[in-house]
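Here's the letter readout for the chains.
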Amino acid sequence: MSHTLATIVLAAAGAVMVIAGLLFFRHPGWLLTWLKGTVVFGVVLAGLYVLVIAVNLTSYQSLVGMQTVATISTQRQAEQIWEVSLQGQNDIAAIRTLQGDQWQIDARIIRFTGPFRWLDIAPGYRLERLSGRYTSLEQERSAPRTAIGLSEDIWPDLWQLDQQYNLPFLEAVDGSMTFMPMRDEAVFEVKLSASGLVAVPVNDQARAAVQFWNQ
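Residues numbered from 1 in each chain as written. Predicted model: local features only at pLDDT ≥ 70, side-chain atom pairs only at ≥ 80, totals over all residues. Heavy atoms only, no water.

A word on helix H5 (residues 158-165)
For the α-helix, the turn length of 3.6 residues means that residues three or four positions removed from each other point alike.
Part 1: Residues of H5 that are buried: Leu158, Trp159 and Asp162. Projected down its long axis, H5 shows its buried positions confined to an angular sector of 105°, all on one face.
Part 2: Between a side-chain oxygen at the N-terminus of H5 and the backbone nitrogen of Trp159 the separation is 3.2 Å; the capping residue is Asp157.
Part 3: Remark: Asn166 follows H5 within two positions and exhibits a positive phi of approximately 55°. (Buried < 20%, exposed > 50% of the residue type's maximum accessible area, 1.4 Å probe, protein only. Helix = DSSP H or I, 4+ residues; strand = E, 2+ residues; numbered from the N terminus. Arc of directions from axis to C-beta. Polar contact = N/O pair within 3.5 Å; in protein donor to acceptor, adjacent residues only side chain to side chain.)

Right under this line is the structure:
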């Protein structure tokens, strides 16, 4: 579109909007009705949004500072096959079989901004997935992998929607930790802050495994 044509189109659109605005002011009853309807519609939408946030919070745990959210122990079953026991907060417990050489937990974190932050609402978290990984690139591409869900889906999923559309007053954070080595009888504590996850070796087997992989 040329500048000349764009000028004509924009001028016409501007004139229509000005005339429409003046007509509203000539009939203030229409303007008042429209304003009331807009306010009511906005209040209803805001109320629905707050309700959706409340529903989503039922699947999240409060996060205050750095805290231990799970304990992981690994037992060797066969070559690159492990029984992994997870004991989490709020009676979350799972015993699963993972394949590979390392394990990882993923979590979802929701932080609040704007008026929700003024209300001092603590960030929320939920453990999302326990997965295994091979250290060999060839095995990682071809061998069977295991990924186990640790939470149930909820609709509408505000965390996922914020990842896509950047919702107001929310900040969805992907709380992934680095992969940790699996070793027979190793025990780790998984600690979480508002910025992410970290695994801490608890016993000698876990500390020896971490030291070996870091060499």
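Digging into the pattern of salt bridges
Part 1: Tallied over the full model, the rule gives nine salt bridges.
Part 2: Among the salt bridges present, the one from Glu79 reaches Arg76, with a minimum N-O distance of 3.0 Å.
Part 3: Accessibility expressed as a relative area gives 43% for Arg76, which makes it partly exposed.
Part 4: The partner of Asp106 in a salt bridge is Arg129, and the shortest N-O contact between them spans 2.6 Å. Placement of Asp106 in strand S5 (residues 102-112) and of Arg129 in strand S6 (residues 124-133) is noted, with a sequence separation of 23 residues between them.
Part 5: Residue class for Asp106 comes out buried when judged on its relative accessible area of 5%.
Part 6: Residues joined in a network through salt bridges with shared partners are Arg108, Arg126, Glu128 and Asp157. (Salt bridge = Lys/Arg side-chain N within 4 Å of Asp/Glu carboxyl O.)

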